Amino acid sequence: PHRYLDLSHTATLADVAVGSDATVVGTVHDIKVKRPRRRLSITEIALVDGTGALVGVWFNQPYMADRFTVGDRVAFAGRVAMDYGLKQMRNPYTERIDAEGEGAQGRILPVHPTTEGISANWMRRLVLEALKSSRDVPDPLPVHLRRAHGLVPRATALSDAHFPGSATELADARRRLVYEELLVLQVALALRRASAGGPGEGFSHVIDGGALAAVRDAFPFRLTDDQTRASGEILEAMSEDVPMGRMLLGDVGTGKTAVAALALAAVHDSGTQAAMMAPTEVLAEQYVHRLGPLLDAAGIPWVSLTGSTPAAERSAALASLADGHTTVALGTHALFSDEVGFEQLTLAIVDEQHRFGVKQRLALREKGAAPDVLVMTATPIPRSLALTLHGDLDTSYLRQRPSGRTPAEAVTTRIVPRDDRDEAYDAVRKAVRSGRQAYVICPLVEESDDAEAKAATREAARLAEEVFPDLTVDLVTGKNTGDEKRDVMDRFRGGSVDVLVATTVVEVGVDVPNAIVMIVEGAERFGLAQLHQLRGSVTR
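None of these values were measured; they are calculated from a predicted model.

A.B. asks: Hey, could you run me through the sheet that holds strand S11 (residues 302-305) in this one?
C.D. replies: The pairing of strands in a sheet comes from backbone hydrogen bonds and takes either a parallel or an antiparallel form. Taken in spatial order, the 7 strands make up an open sheet running S11-S12-S10-S13-S14-S9-S15, and their pairing is parallel. Since the sheet does not close on itself, it has two edges, and those belong to S11 and strand S15 (394-398), each with one partner. When the angles between neighbouring strand axes are averaged without regard to direction, this sheet yields 15°. Here strand S9 (residues 245-250) pairs with S15 via 5 bridges, running parallel. From the neighbouring strand, Gly 250 faces S15, where its bridge partner is Leu 398. Here helix H8 (residues 281-297) sits on the sheet in contact with strand S10 (273-277), S11, strand S12 (328-331) and strand S13 (345-351), set at roughly 175° to S11.

A.B. asks: Can you help me understand unusual backbone geometry in this one?
C.D. replies: Peptide bonds are mostly trans, and most non-glycine residues show a negative phi. Backbone geometry at Tyr 84 places phi at a positive 55°, although glycine is not the residue there. For Tyr 84, the location among the structural elements is in the loop between strand S5 (73-83) and strand S6 (86-90). Phi angles above zero are rare outside glycine, and Ala 370 is one such case at about 50°. Position of Ala 370 relative to the elements: it lies in the loop between helix H10 (358-365) and strand S14 (372-377). Ala 370 sits in the partly exposed class, given a relative accessible area of 23%.

A.B. asks: I tried to follow the nonpolar core on my own but got confused; where do I start?
C.D. replies: A general feature of soluble globular proteins is that nonpolar side chains tend to end up buried together. By size, the foremost hydrophobic cluster in this structure holds 40 residues, and its most contacted members are Met 238, Leu 264, Met 276 and Leu 347. At the level of secondary structure, the elements contributing two or more residues to this core comprise helix H5 (210-218), helix H6 (225-239), helix H7 (256-269), S10, H8, S12, S13 and S14. With 10 residues, H7 is the largest single contributor of residues to this core. In this structure, Leu 264 is in contact with Ala 274, Met 276, Leu 291, Leu 295, Val 328, Leu 347 and Ile 349, ignoring residues within four places of it in sequence.

A.B. asks: Hey, could you run me through a nonpolar patch on the surface in this one?
C.D. replies: Residues Val 178, Leu 182 and Leu 185 make up a contiguous nonpolar surface patch of roughly 220 Å² in combined accessible area. Within the element layout of this structure, Leu 182 appears in helix H4 (residues 167-196).

A.B. asks: I tried to follow the sheet that holds strand S17 (residues 473-476) on my own but got confused; where do I start?
C.D. replies: Taken together, the 4 strands give an open sheet; going across it, the order is S17-S18-S16-S19, and neighbouring strands pair in parallel fashion. Single-partner strands in this sheet number two, and they are S17 and strand S19 (515-520). In this sheet, neighbouring strand axes are inclined to one another by 20° on average, regardless of whether the strands run parallel or antiparallel. Here strand S16 (residues 437-441) runs beside strand S18 (residues 499-502); their pairing, made up of 4 bridges, is parallel. The residue bridging Tyr 439 from the neighbouring strand is Leu 500, located in S18.

A.B. asks: What am I meant to see in the pairing of S5 here?
C.D. replies: Successive residues of a regular strand alternate their side chains across the two faces of the sheet. Here strand S2 (residues 21-37) pairs with S5 via 7 bridges, running antiparallel. When the bridges of S5 are listed, Val 24 appears paired with Phe 76. Of the pairings in the sheet, the one linking S5 to strand S7 (residues 93-96) comprises 4 bridges and is antiparallel in character. Across the sheet, residue Ala 77 finds its bridge partner in S7, namely Tyr 93. When S5 meets S6, the two strands line up antiparallel, connected through 4 bridges. In the sheet register, Met 82 faces S6, and the bridge partner there is Lys 87. Where S5 folds back onto S6 in an antiparallel hairpin, the turn is made up of 2 residues, including Tyr 84, whose phi is positive at roughly 55°.

A.B. asks: Teacher, can you tell me more about the pattern of salt bridges here?
C.D. replies: Side chains carrying opposite charge are able to pair once their charged atoms draw close together. Going through the model one piece at a time under the given rule, you end up with 24 salt bridges. With a closest N to O distance of 2.9 Å, Arg 79 and Asp 21 form a salt bridge. One end of the pair, Arg 79, is in strand S5; the other, Asp 21, is in strand S2, and 58 residues separate them in sequence. We classify Asp 21 as exposed; its relative accessible area is 58%. Here the salt bridges share partners, and the residues they tie into one network are Asp 139, Arg 146, Arg 154, Arg 176 and Glu 180.

A.B. asks: So what exactly am I meant to see when it comes to the packing of aromatic side chains here?
C.D. replies: Any aromatic ring pair is given by two values, namely how distant the centres are and how the planes are angled relative to each other. Under the definition given, this model contains 4 aromatic pairs. Judged by centre distance (5.8 Å) and plane angle (85°), the rings of Trp 58 and Phe 76 are edge-to-face. With Trp 58 in strand S4 (residues 53-59) and Phe 76 in strand S5, this residue pair connects regions lying 18 residues apart in the sequence. As far as burial versus exposure is concerned, Trp 58 and Phe 76 are alike and both buried. The interplanar angle of 20° and the centroid separation of 5.2 Å between the aromatic rings of Phe 219 and Phe 221 together place this pair among those described as stacked. The ring of Tyr 397 carries Arg 399 above its face, with NZ or CZ at 4.6 Å from the centroid.

A.B. asks: What is the right way to read the side chain of His 205 from this model?
C.D. replies: Looking at the secondary structure, you find His 205 in the loop between H4 and H5. His 205 sits in the buried class, given a relative accessible area of 3%. At 3.2 Å, the side chain of His 205 forms a polar contact with the side chain of Asp 372. Here His 205 is in contact with Met 238, Ser 239, Ala 266, Val 267, Ser 270, Thr 272, Thr 346 and Asp 372, once residues within four sequence places are set aside.

A.B. asks: Help me understand the packing of H6 against H7 in this model?
C.D. replies: Helix-helix packing is described using two parameters, namely the angle between the two axes and the distance between the axes. With their axes 9 Å apart at the nearest point, H6 and H7 run at an angle of 30° to one another. What the angle tells us is that H6 and H7 run roughly parallel. The element H6 and its partner H7 pack so that their crossing is right-handed. Residues Gln 227, Ser 231, Ile 234, Leu 235 and Met 238 of H6 touch H7, and the partners they reach there are Ala 258, Val 259, Leu 262, Ala 263, Ala 266 and Val 267. Residues of the contact of H6 with H7, tallied by class, amount to 9 nonpolar, 2 polar and no charged.

Rules and cut-offs
- Residues numbered from 1 in each chain as written.
- Predicted model: local features only at pLDDT ≥ 70, side-chain atom pairs only at ≥ 80, totals over all residues.
- Heavy atoms only, no water.
- Pairing = 2+ DSSP bridges.
- Helix = DSSP H or I, 4+ residues; strand = E, 2+ residues; numbered from the N terminus.
- Axes fitted to C-alpha atoms, helices over the stretch in contact; angles between N-to-C directions.
- Contact = heavy atoms within 4.5 Å.
- Buried < 20%, exposed > 50% of the residue type's maximum accessible area, 1.4 Å probe, protein only.
- Core = buried A, V, L, I, M, F, W, Y, C linked by side-chain atoms within 4.5 Å.
- Patch = residues over 30% accessible without salt bridge, like charges linked within 9 Å, V, L, I, M, F, W, Y side chains within 5 Å.
- Areas by Shrake-Rupley, 256 points an atom, 1.4 Å probe, with all protein chains shown as cover.
- Salt bridge = Lys/Arg side-chain N within 4 Å of Asp/Glu carboxyl O.
- Phe/Tyr/Trp six-rings, centres within 6.5 Å; stacked < 30°, edge-to-face > 60°.
- Lys NZ or Arg CZ within 6 Å of the ring centre and 35° of its normal.
- Polar contact = N/O pair within 3.5 Å; in protein donor to acceptor, adjacent residues only side chain to side chain.
- Parallel < 35°, antiparallel > 145°, perpendicular 65-115°, else oblique.
- Left-handed = near helix turned anticlockwise from the far one by under 90°.
- Nonpolar A, V, L, I, M, F, W, Y, C, P; charged D, E, K, R; others polar.

In structure tokens, the structure reads:
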């Protein structure tokens, strides 16, 4: 059931408290459909029970009037409010209880998902019939385990989950079923981790070599305590002969890429190969600018592979990876390609792992024999948290921000009404006057007939002509070629572009510390993870 109708605890219409969630039972006294204005209908169904009255109200649902007739005995469940001197429930769950017979009163009725042509009562009868065959269902939990944790048998749990005799029986049934589900999940994950490789099946990396020391020396900053601790945890796991599965979790700007650079160096010291994958070409290009010099300083050969890599360059890169002459492959989804092969891949790093599907991550992992896997994310969305909570990944955390970077709490986030857009534009002008830069993020690339959203192409032209004619405005979207994106981002990094209009192609990991203002148009069209990432671009 997706909910329950608790007829064991009903209140009279006179006593039911305003502001409470309640279940009430009464007789339909009146049904009205009002149309106060065009495109608005208000359906009102009044219940009485001898002590008082209550009105159920539905907006633009005139069909509710056809579900009941005057005299029907009906239950309403929902939040009680007071309006126009009458107790009301807006959009309550409703059920005609006459069909349940006199025994319905005082019971907890299950509300199962249904479809057209199947009523709630019919579904209950079908479920009740199915439960008869579950009385002899095998119980996977041994008796001693059930006794130790106070769990009811599975057959009892199945029956009470659908037709509980009391709130206590329902709670006990749910507890048993949840326990079993989590136990099965833990066992399945344990089996999967065992099959992924045990002692002796992984590769034991060297973690005290010259390349690792050279990369440390090449950092133009001092590592934070969190970076030192996280890199130590990762390197220790890489030194073991059990395949590593670890998530590096840190907010935007906490220095995850620097930690990844140390792991890549350990691979070079070990004489094997590594791949580091980004979800966008813009971020992959940033690897070239940020990681490339560090790898070069340590004498670590690397290549970059994206969808826009020229054919000749791509061919040379593939050959150098296949014969083992190149240690590190930086790239995007292009690394999934069947033609990309490694002589010995022992480390796979997936940046912003939430942007990739499970099969995509596996495709990279399968290019080696049980390689160590490091996934990095700045957005702890439920899927990422589930991987750690249920034991599939170990975790390392970066909570500190490197010295010189803006504390996340110092960034002001404001909702600006569309009519006050000039206020946001003033913030951009103020930033540019101080030698800084700004982003304007739009949800669409081009105008759409069915969407009321700012299109990046049109917005860039409007801003350049009407709002910031004295500033340099440029545009980057997912429709730009790789060379076009690279050219725009290089000019933005170099400071020759004052305002960059973009779509979420710049969402992940874009590192331009001089950009300190961001306007997000149509913010309601973005997910929380996207907004979190976008906000991070101005905490650099």
